[in-house]
Amino acid sequence: MKDLSFQEAIRIVYQESGEVASLEDREITGYDQYGMYETKWFIEKLYGHKPLGQLMLVAENDNLMLIDAMHSFSIADLAIKKSKEFDVYFFIGLLGYQLLHPDHPGPECEAVVPCLWINVNIQDSLKKETWLPTEAEAVSFLKSRKMKPNIIINTVSELQAYWLFKKPFIVNSDATRDEISKLSDQFQNILIAEAQIKGWKIDNTSSILNRQRLPGTWNRALNPPAPINILEVQNL
C-alpha cells in the first residue's frame, strides 16, 4: 500500500464512517463532527476492534477517565466534547481488566500495548530553533527507516509516529513488563541517536504511561487553537 497524504487519510476516515467531509467542517468551539470521526478511526486502528482493556483519557485540569477501549465512539465523543475547552490526552497502554477487576473472567492481563512510538518536536509559529526540524524534515526522517510508521499525527508542535504491532503486546508479569519497557526504550534511543547526528533533540517518551494527544482534538496551547490531524497512514 502506498503512502497516503493527509487529504487521502481524511477520505478514508469519512468513507469508513459513512460521512461526507471537508476540513471546513471543523469547529473550534462547537461539536466537531469531523474531529469525532477522526478520533474514532484512530482508536480503532491503534487498538483494533476488540481491544482488551480500558483507555485512560485525561483533559487538562480534569480527573482521569477510564473507558472500555471497545467503545471507540464513546471515547471519541467524550474527547471531542472535552476538547471544546481543554487539551485532551490519552495514555498509550490500556489498563487490563484483571488489574481493575481481579475477578474478571477474561485472560490475565495488567496492560495492553498496541505499538511502538516516538514524538518529534518540530518548528512552529512560536518555535524556530535550529535544533528543531521542520515538519517536512521530520516526516522525511521518520519515513527514511526500513520499517516506516503506520500512522503519523501532526499536533502542530510535534509529530507523533506509531508503529503498530501485528498483535497487541500483553503485559501479565514482571518479565513481560520489563520486556516491553526495554523494547520501547531501545527503539526510541536508536531514533534519538540518529536525530542527534542531524543536530536535533528528541525526548525519550518510551513509558507505556506516556500521554499523547488525540487526532481530531485541538491543541489549545496555541493561540488560536489548532486542530490535531492525521498526517499520513501506511499499511493499515
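Bear in mind that the values here come from a model prediction, so they are computed numbers and not experimental data. (Residues numbered from 1 in each chain as written. Predicted model: local features only at pLDDT ≥ 70, side-chain atom pairs only at ≥ 80, totals over all residues. Heavy atoms only, no water.)

What follows deals with the overall build of the chain. For the chain, the count of helices and strands is 6 helices and 11 strands. Counting over 236 residues, the chain shows a buried share of 50%. Counted over contacts in the chain with a minimum sequence separation of 6, partners at least 24 positions apart contribute 67%. Within the structure as shown, the chain displays about 11500 Å² of accessible surface, and the carbon and sulfur contribution to it stands at 53%. (Helix = DSSP H or I, 4+ residues; strand = E, 2+ residues; numbered from the N terminus. Buried < 20%, exposed > 50% of the residue type's maximum accessible area, 1.4 Å probe, protein only. Contact = heavy atoms within 4.5 Å. Areas by Shrake-Rupley, 256 points an atom, 1.4 Å probe, with all protein chains shown as cover.)

Our next topic: the pairing of strand 2 (residues 65–68). For strand 1 (residues 54–59) and strand 2, the ladder comprises 4 bridges, and the chain directions are antiparallel. Paired with Met-56 across the strands is Leu-66, a residue of strand 2. What sits between strand 1 and strand 2 in their antiparallel hairpin is a turn of 5 residues, with Asn-61 showing a positive phi close to 60 degrees. (Pairing = 2+ DSSP bridges.)

Another point: the nonpolar core. Counting residues in each nonpolar core, the largest one holds 33 residues, and the members touching the most others are Phe-42, Leu-55, Leu-57, Phe-90, Tyr-162 and Leu-214. Judged by nonpolar contacts, the second largest core, of 19 residues, contains Val-139, Ile-192, Ala-195 and Trp-200. (Core = buried A, V, L, I, M, F, W, Y, C linked by side-chain atoms within 4.5 Å.)

If you add up the space inside the largest pocket, you get close to 200 Å³. Lining the largest pocket we find 13 residues, and of these Lys-45, Leu-164, Phe-165, Lys-166 and Lys-167 sit closest to its centre. Where the lining of the largest pocket is concerned, the elements lending two or more residues are helix 2 (33–47) and strand 7 (158–171). For the lining of the largest pocket, the element with the most residues is strand 7, which contributes 5 residues. Partitioning the lining of the largest pocket into residue classes produces 7 nonpolar, 3 polar and 3 charged. (1 Å grid on protein atoms, 1.4 Å probe; cavity = no way out; pocket = protein on both sides within 12 Å on 5 of 7 lines; lining within 4 Å. Points joined across faces, edges and corners; volume = space filled by probe spheres on them. Nonpolar A, V, L, I, M, F, W, Y, C, P; charged D, E, K, R; others polar.)

Running from N to C, helix 2 and helix 3 (residues 72–83) cross one another at 135 degrees; their axes reach a closest spacing of 8 Å. With respect to their mutual orientation, helix 2 and helix 3 come out oblique. The handedness of the crossing between helix 2 and helix 3 is right-handed. When helix 2 is examined against helix 3, the residues Gly-35, Met-36, Thr-39, Lys-40, Ile-43 and Glu-44 are found in contact with a partner set consisting of Ser-72, Phe-73, Ile-75, Ala-76, Asp-77, Ala-79 and Ile-80. Here the contact of helix 2 with helix 3 is composed, by residue class, of 7 nonpolar, 3 polar and 3 charged. (Axes fitted to C-alpha atoms, helices over the stretch in contact; angles between N-to-C directions. Parallel < 35°, antiparallel > 145°, perpendicular 65-115°, else oblique. Left-handed = near helix turned anticlockwise from the far one by under 90°.)

Turning our eyes to something else, we now look at the environment of Ile-208. By secondary structure assignment, the location of Ile-208 is in the loop between helix 6 (174–197) and strand 8 (211–213). Remark: the alpha-carbon pair of Ile-208 and Pro-114, spanning 94 residues in sequence, is separated by 9.8 Å. Residues within four places of Ile-208 in sequence aside, it is in contact with Ile-92, Gly-93, Ala-111, Val-113 and Trp-117.

Our next topic: the environment of Arg-211. Relative to the elements of secondary structure, Arg-211 occurs in strand 8. When the C-alpha positions of Arg-211 and Ile-92 are compared, they lie 6.6 Å apart, and in sequence the two are 119 residues distant.

Within the secondary structure, Gly-53 sits in the loop between helix 2 and strand 1. Relative accessible area serves as the criterion here: at 0%, Gly-53 is assigned to the buried category. C-alpha of Gly-53 to C-alpha of Val-113: the two residues are 60 residues apart in sequence and 10.0 Å apart in space.

Here the bond from Asn-223 into Pro-224 is cis, since omega is 5 degrees, no more than 30 degrees from zero. You can see Pro-224 is positioned in the loop between strand 9 (218–219) and strand 10 (226–227). A positive phi angle is found at Val-156, which is not glycine, with a value near 85 degrees. Within the element layout of this structure, Val-156 appears in the loop between strand 6 (151–154) and strand 7.

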